[in-house]
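Examining the three-dimensional arrangement
Listed below are the residues making up each chain.
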Amino acid sequence: GAGVSQSPSNKVTEKGKDVELRCDPISGHTALYWYRQSLGQGLEFLIYFQGNSAPDKSGLPSDRFSAERTGGSVSTLTIQRTQQEDSAVYLCASSSGTWKEKLFFGSGTQLSVL
Amino acid sequence: AQSVTQLGSHVSVSEGALVLLRCNYSSSVPPYLFWYVQYPNQGLQLLLKYTTGATLVKGINGFEAEFKKSETSFHLTKPSAHMSDAAEYFCAVRRSSASKIIFGSGTRLSIRP
């Protein structure tokens, strides 16, 4: 595609429900990141996929958070038993994978947990 | 471990004045450094990057940044602010070619007429 696509753009859910956020990276990009942006908190790293390597999950805040990347393309971030503190904008970014290359960001998913 | 500190969550300058946004990093090895900008209601985009070579890096829209290893800094500057520069600016660091990119907490730049 022309850019990084994220869906849904907005998600409202009730506390305790599970949610899935989707990211379609730019075609051919081997690197994919998930970040969380909260008001006044900057961009919090969550997880990093690079090609066929094991993902760097060091930023996932709890075991309620998980992510997978199928076929080296689409990625899904799953949050189980959502809490109010999970409310944030979840951003996906991809790059061609060479270390010099810039990240291309999606528009994000605004998650609101009531 | 690598980390990024941006001093000042909010900076306000007059139109035409110097812009200085501060970024300090901690890394056990010389890192790769980036500045990204997020304009209102837009996605993040790369402003400039330092990888190797010349320590003074020029980016888009008249911005530049200087990598100072001795000070572990990568401050962003622009000689003359324009109203269109109002945005959120993020400094980022990458420790090695295979590692994740870590962002700072961001600095919101406001421009006074």
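Structural data are supplied above this passage.
Think of each chain on its own: its residues are numbered from 1, step by step along the sequence as written. Starting at A for chains and at 1 for ligands, labels are handed out in the order in which the entities are written. Given that the model is predicted, a residue must reach a pLDDT of at least 70 before its local features are reported, and side-chain atom pairs must reach 80 or more before they are shown or counted; all residues, however, enter totals for whole chains, interfaces and linings. To get the side-chain values, all heavy atoms of the structure are used, and hydrogens and water are removed first.

Criterion for a salt bridge: a side-chain nitrogen of Lys or Arg within 4 Å of a carboxyl oxygen of Asp or Glu. Scanning the entire structure with this criterion turns up six salt bridges over all chains. For Arg 36 of chain A, the salt bridge is made with Glu 44 of chain A, and the minimal N-O distance between the two is 2.9 Å. The cut-offs for exposure are 20% and 50% of the maximum accessible area for each residue type, with area from a 1.4 Å probe on protein chains only; residues under the lower value are buried, those over the upper are exposed, and the others partly exposed. Classification of Arg 36 of chain A as buried rests on a relative accessible area of 10%. According to the relative accessible area criterion, Glu 44 of chain A is partly exposed, its value standing at 31%. For the salt bridge of Lys 58 of chain B with Glu 64 of chain B, the shortest nitrogen-to-oxygen distance reads 2.8 Å. Given the relative accessible area of 22%, Glu 64 of chain B is considered partly exposed.

What follows deals with the packing of aromatic side chains. Ring pairs shown here join Phe, Tyr and Trp side chains whose ring centres sit within 6.5 Å, with only the six-membered ring taken for Trp; geometry is labelled stacked below 30 degrees between planes, edge-to-face above 60, and tilted in between. Enumeration according to the criterion identifies twelve aromatic pairs over all chains in this entry. Judged by centre distance (6.1 Å) and plane angle (70 degrees), the rings of Tyr 35 of chain A and Phe 45 of chain A are edge-to-face. With Tyr 35 of chain A in strand S4 (residues 31-38) and Phe 45 of chain A in strand S5 (residues 42-50), the pair connects residues that are ten residues apart, well separated along the chain. A single burial state applies to Tyr 35 of chain A and to Phe 45 of chain A, both of which are buried. Taken together, the aromatic side chains of Tyr 33, Tyr 35, Phe 45, Tyr 48 and Phe 105 of chain A together with Phe 34, Tyr 36 and Phe 103 of chain B make up a single cluster linked through ring pairs. For the purposes of this entry, the term helix denotes a DSSP run of H or I that reaches at least four residues, the term strand denotes a run of E that reaches at least two, and both are numbered from the N terminus.

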